[in-house]
Amino acid sequence: MGMECTIVPFGSIRLGTAMRRAVTNSRGMTLVEILVAVSILSIAVIVLASLFPVAINYQQKATYTRIAALDAMGTLDGAMVAGFDNLDLGSTTSTTADLPAGNTKTITVQAYPTSDCTSLKLVTVRISWPGTAKVKYLAGEVVYRTLIAKPYKEGSEIHADI
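Calculation criteria
- Residues numbered from 1 in each chain as written.
- Predicted model: local features only at pLDDT ≥ 70, side-chain atom pairs only at ≥ 80, totals over all residues.
- Heavy atoms only, no water.
- Helix = DSSP H or I, 4+ residues; strand = E, 2+ residues; numbered from the N terminus.
- Patch = residues over 30% accessible without salt bridge, like charges linked within 9 Å, V, L, I, M, F, W, Y side chains within 5 Å.
- Areas by Shrake-Rupley, 256 points an atom, 1.4 Å probe, with all protein chains shown as cover.
- Salt bridge = Lys/Arg side-chain N within 4 Å of Asp/Glu carboxyl O.
- Buried < 20%, exposed > 50% of the residue type's maximum accessible area, 1.4 Å probe, protein only.
- Expected span 1.5 Å × (residues − 1).
- Pairing = 2+ DSSP bridges.
- Phe/Tyr/Trp six-rings, centres within 6.5 Å; stacked < 30°, edge-to-face > 60°.
- Axes fitted to C-alpha atoms, helices over the stretch in contact; angles between N-to-C directions.

Undergrad: Would you explain unusual backbone geometry in this entry?
TA: Most peptide bonds are trans, and most residues other than glycine sit at a negative phi. Of note, the amide linkage connecting tyrosine 112 to proline 113 takes the cis form, showing an omega dihedral of -5°. Within the secondary structure layout, proline 113 lies in the loop between strand S2 (104-111) and strand S3 (120-129).

Undergrad: When you look at a nonpolar patch on the surface in this model, what are you seeing that I'm missing?
TA: On the surface, Met29, Ile34 and Val38 cluster together to form a nonpolar patch covering roughly 290 Å² of accessible area. Judged by its relative accessible area of 47%, valine 38 is partly exposed.

Undergrad: Help me understand helix H2 (residues 31-82), please; the structure alone is not making it clear to me.
TA: In an α-helix, one turn spans 3.6 residues; hence positions three or four apart end up facing the same way. Between its first and last C-alpha, H2 extends 77 Å over 52 residues, near the 76 Å set by a 1.5 Å rise per residue. Within two residues after H2, glycine 83 carries a phi angle of roughly 95°, on the positive side.

Undergrad: Explain the pairing of S2 here, please?
TA: Regular strands show a simple pattern: their side chains alternate between the two faces of the sheet. Both strand S1 (residues 90-94) and S2 contribute to a ladder of five bridges, which runs antiparallel. In the sheet register, threonine 92 faces S2, and the bridge partner there is isoleucine 107. Sheet topology note: the S2/S3 ladder contains eight bridges and is antiparallel. What sits directly across from isoleucine 107, in S3, is valine 125.

Undergrad: How do you make sense of the packing of aromatic side chains when you look at a structure like this?
TA: In this description, a pair of aromatic rings is defined by centroid distance and the angle of the planes. Counted under the stated rule, the structure contains two aromatic pairs. Relative to tryptophan 129, the ring of tyrosine 64 lies with its centre 6.3 Å away and its plane at 70°, an arrangement referred to as edge-to-face. Here tyrosine 64 is found in helix H2, whereas its partner tryptophan 129 is found in strand S3, with 65 residues between them in sequence. Assigned by exposure class, tyrosine 64 and tryptophan 129 land together as buried.

Undergrad: Can you help me understand the sheet that holds S2 in this one?
TA: Strand pairing within a sheet occurs via backbone hydrogen bonds; the two strands may be parallel or antiparallel. If you walk across this open sheet you meet the four strands as S1-S2-S3-S4, and the pairing is antiparallel. Looking at which strands have only one partner, the edges of the open sheet turn out to be S1 and strand S4 (140-149). Shown here is a sheet whose adjacent strand axes are inclined to one another by a mean of 10°, direction ignored.

Undergrad: How should the pattern of salt bridges be read in this particular structure?
TA: Applying the stated rule across the entire model yields two salt bridges. Across the pair glutamate 141 and arginine 126 runs a salt bridge, and its minimum N-O distance is 3.4 Å. Of this pair, glutamate 141 sits in strand S4 while arginine 126 sits in strand S3, placing them 15 residues apart in sequence. Classification of glutamate 141 by relative accessible area gives partly exposed; the value is 48%. Accessibility expressed as a relative area gives 33% for arginine 126, which makes it partly exposed.

Set out below in structure tokens:
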């Protein structure tokens, strides 16, 4: 009831007429075909290789943006911890050590929404950095803002001068 298997030696396999014709007529690849294939492959490799410097520059700009954003957020956190009464109106400018030379960090504190307002202060942190001579698009800027309110004191009148 079982099936019988017979092993046929490789040399005794008979090919059909169409298969025999296909095997005997194949000549392999010509030199022209090989040159065309190598040319297409070379062009593809050159195009892909040219993308790497661009990707590295964009990654560098993303790193600068992340550094500036973290610095700006840290500055705003410091302003919130300092509190409303310890923030003087005006502007200060400095630099950030982890960004390219020529960067500026400007912290501006102003009354909000007008200079007559005495219960809100708008704190703005603007950090900008230049590109390089070869790669201008590395230049960037980050701006963060927050409002800091005058704390409510028990027994004082609540009024909005906005």
